[in-house]
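Understanding the architecture of this molecule
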Amino acid sequence: MRGYWADLLSGWLAGLGVPEGIALALAYVVGGTVLLIFAPVLALLLIWITRKVISRIQDRIGPNRVGPYGLLQTVADALKLLSKEDIMPAKADWTTYNLSPILSVFSVLMIVVVVPFGPGLIGVDLNVGVLYVVALGSVGIMAAIMAGWASNNKYALVAGFRVVAQLISYEVPMVLAIVAVVLWTGTMRFGELAARQSLEIFGFNLGLGWFGFLMPGALLVFFIAALAEAEQTPFDLLEAESELIAGFHIEYSGMKFAMFFLAQFLNSWFLGAILATLFLGGWQGPFVDQVPILGVVYFFLKAFGVYLVLQWIKGTYPRIRIDQMTHLAWKVLVPLMVLLITVQAIIQKLPVGAPAQYVLIFLANVAVVAVVVQALGNYYRREEVRSKRAFEPRGLVGSMVPAEKGVMY
Amino acid sequence: MPTLPVPTFTQVVFVLIAAFTVISGLGVVVARNLFHSALLLAATFFGVAGLYVMLEAEFLAVTQILIYVGAVATLITFAIMLTRGAMHGETNPLNRQWGKAALFAFLFLVGLLGYLGGIPWPAPFQAIQADEGLIARLGEQLVTRYMVSLEVMGLLLMVALVGAILLARDDKP
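Residues numbered from 1 in each chain as written. Chains lettered and ligands numbered in written order. Predicted model: local features only at pLDDT ≥ 70, side-chain atom pairs only at ≥ 80, totals over all residues.

1. Section: the overall build of chain B
- Helices and strands together make up the secondary structure of chain B, namely 6 helices and 0 strands.
- Going from N to C terminus, chain B has its helices and strands arranged as α-α-α-α-α-α.
- Each of the 173 residues in chain B was classed as buried or not, and the buried ones make up 16%.
- When contacts within chain B are restricted to residue pairs at least 6 apart in sequence, those whose partners lie at least 24 apart make up 59%. (Helix = DSSP H or I, 4+ residues; strand = E, 2+ residues; numbered from the N terminus. Buried ≥ 20, exposed ≤ 12 C-beta atoms within 10 Å, placed from the backbone. Contact = placed C-beta atoms within 7 Å.)

2. Some details on the overall build of chain A
- Helix and strand counts for chain A come out as 14 helices and 2 strands.
- What you see for chain A is a C-alpha radius of gyration of 23 Å, in line with the 22 Å of a compact globule of 409 residues.
- Considering only C-alpha atoms, chain A reaches an extent of 85 × 65 × 40 Å along its principal axes.
- Each of the 409 residues in chain A was classed as buried or not, and the buried ones make up 42%.
- A fraction of 74% describes how many contacts in chain A between residues 6 or more apart in sequence connect residues 24 or more apart. (Rg over C-alpha atoms; globule rule 2.2 N^0.38 Å.)

3. Quick notes on helix H13 (residues 322–349) of chain A
All names here are of chain A.
- A rise of 1.5 Å per residue sets the reference length of H13, with its 28 residues, at 40 Å; its end C-alpha atoms lie 40 Å apart and thus fit the reference within 8%.
- At Leu333, H13 is bent by approximately 30°, the largest bend along its length, and proline Pro335 sits one to four residues beyond.
- Along H13, the residues that are buried comprise Met325, Leu328, Ala329, Leu333, Leu336, Met337, Leu340 and Gln344. (Expected span 1.5 Å × (residues − 1). Bend = angle between axes of the 7 residues up to and from the residue.)

4. Here we look at the interface of chain A and chain B
- Chain A puts 20 residues into the contact, and the matching count from chain B is 18 residues.
- Counting residues per element, the side of chain A that touches chain B draws most heavily on helix H5 (residues 129–150) of chain A, at 11 residues.
- Residue composition of the side of chain A that touches chain B, by class: 14 nonpolar, 6 polar and no charged. (Nonpolar A, V, L, I, M, F, W, Y, C, P; charged D, E, K, R; others polar.)

5. Some remarks on the domain arrangement of chain B
- For chain B, the assigned domains are domain 1 (10–91) and domain 2 (131–173).
- Summarising the inter-unit geometry, the C-alpha centres of domain 1 of chain B and domain 2 of chain B are found 23 Å apart. (Domains from an automatic or database assignment.)

6. A closer look at the packing of helix H2 (residues 34–54) of chain B against helix H3 (residues 58–81) of chain B
All names here are of chain B.
- Across the interface, H2 lies against H3 with an axial gap of 8 Å and an inter-helix angle of 175°. When the interaxial angle is binned, H2 and H3 end up roughly antiparallel. Where H2 abuts H3, its residues Leu34, Phe35, Ala38, Leu41, Ala42, Phe45, Phe46, Val48, Ala49, Tyr52 and Val53 lie against Glu58, Leu60, Ala61, Gln64, Ile65, Tyr68, Val69, Ala73, Ile76, Thr77 and Ile80. (Axes fitted to C-alpha atoms, helices over the stretch in contact; angles between N-to-C directions. Parallel < 35°, antiparallel > 145°, perpendicular 65-115°, else oblique.)

7. Focus: the domain arrangement of chain A
All names here are of chain A.
- Segmentation of chain A into domains returns domain 1 (1–83) and domain 2 (84–391).
- Between the C-alpha centres of domain 1 and domain 2 there is a distance of 22 Å.
- Counting residues at the interface gives 22 residues for domain 1 and 21 residues for domain 2.
- Among the elements of the structure, helix H1 (4–15), helix H2 (20–57) and helix H3 (73–82) are those that each provide at least two residues to the side of domain 1 that touches domain 2.
- The biggest single contributor to the side of domain 1 that touches domain 2 is H2, with 12 residues.
- Its residues placed into classes, the side of domain 1 that touches domain 2 shows 17 nonpolar, 4 polar and 1 charged.

8. A short note on the packing of helix H4 (residues 94–109) of chain A against H5(A)
Residue and element names in this part refer to chain A.
- With their axes 8 Å apart at the nearest point, H4 and H5 run at an angle of 160° to one another. Accordingly, the angle class assigned to the pair H4 and H5 is roughly antiparallel. Every pair of crossing elements has a handedness; the one defined by H4 and H5 is left-handed. Where H4 abuts H5, its residues Thr96, Tyr97, Leu99, Ser100, Leu103, Ser104, Ser107 and Val108 lie against Leu136, Val139, Gly140, Met142, Ala143, Met146, Ala147, Trp149 and Ala150. (Left-handed = near helix turned anticlockwise from the far one by under 90°.)

9. With respect to unusual backbone geometry
All names here are of chain A.
- With a phi angle near 60°, Asp59 is a residue other than glycine that sits in the positive phi range.
- Its location among the elements puts Asp59 in the loop between H2 and H3.
- For Asn152, which is not a glycine, the phi torsion comes out positive at approximately 60°.
- By C-beta crowding, Asn152 is classed as partly exposed, having 17 other C-beta atoms within 10 Å.

10. Some details on the confidence of the model for chain A
- With 92% of its residues at a pLDDT of 70 or more, chain A shows a mean pLDDT of 84.
- Here helix H10 (residues 241–244) of chain A stands out as the element of chain A with the lowest mean pLDDT, 68, in contrast to helix H9 (residues 216–229) of chain A, whose mean of 91 is the highest. (pLDDT = per-residue confidence, 0-100.)

Structure, rendered in structure tokens:
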């Protein structure tokens, strides 16, 4: 916790007469504890938000009995899960079986270290922060393989394969989307990346120089990849309860299952937070230079905003199949992003002024958005026809056409 | 009475990480189950990444986890899991020759130490600041001085990819 806030705290403690070394150590302890407690409390809130949003989309009310607005429902559920009997399959591999949920949560909790919550409010501003997040994702993959194998259940094992296929596939476009930003800024520090998204007008920082405005294509690809990495709808084919049995954690019960659950919710929020930092300015916003605490507010607004969009998609989109999932990653997103990065690298070396480079990069990104939207639109139109055909009377097969957009039927 | 040198915090951490690496590396060899060996190999990669962090080579450490844990270990576990009958129980064949193997491994270590002791290592004459500049220089070296090796590696991976697809194809031409 080097920086403004740690200095503030240790300076205040030193003012009280505490020796400097102890004051600094206390500041570290406070920072570490805050980060440690932050994640589980956040998870309680996230689960509540998900349940409320999905309920509203489905025209229900959602949890409303425990606490105000049902806020404490998740606490009650967690207590129930904690008090459950710890069941373990007889032929399961003890060490691997028990290590896997821990590793799963570990891989997500470690992300909190590099997330810039506000100006100077960051655990460690690693010089390879962006890569660090991607590397932690691969630790999560190992956790899924371990869970699938150690359960000694063929369905869990196959589900583990599915997880690995999806996470490895979408890691590639995700990294390429990040590379677009890193190529432009020349830094991999999250703190620096957020600081670079300021917009100075007449010496006043408006805080709206978001990379999302400059690179909508990279933003869209990162968003899709983040959906897949967080195992959110429409990429939640990894754990379709009724069709495929739950997934790699089928043999887990009680608190161990809750740990996978926790890891998944936290992962989607953290990926949203990373997206907000990379493309939506992080803690940048108007008046953030004058009132630093406003940066924290902006950051949480953006991160929760992205999370709400994820839940909105979760409530409204149908799930895709595994062949469609790999098709989108390898035949649409990866070639597009490789092309985009090549084009961007050439543009950045062109002997034209900065404004012309902005315009060219923006145009290239718009082209990427157009292609991705076209591919997704084609897919959903095809699915619409297919799902309608399934309910057609036999005599009318092939004669029905999907309704035009906006027509009620 | 000779005073014992008090180890610094860095040294303690180094010994812990090194011990973790060595023990999990030993575990790869002595584990009775092939899958455990693979997981312990991933743990060894982790330990090596930790050593890189101790050397303040963060980029190398993160790349190590990304490539070795994320790709190589995953690939190995996949290969093991797709092999029938190598899943559970004691799958690693053992024999009674561990004594000879240990002897030869020890002799190899002695030879290696003798060789390494003879190399005139360049003394670190300047502190290297690990920051973006270092990573940028690394990238520059990769596309200038080591360009041929980089391209050859890329070609090799491409050939492996094409070969894998050719093997997995249903309709043989």
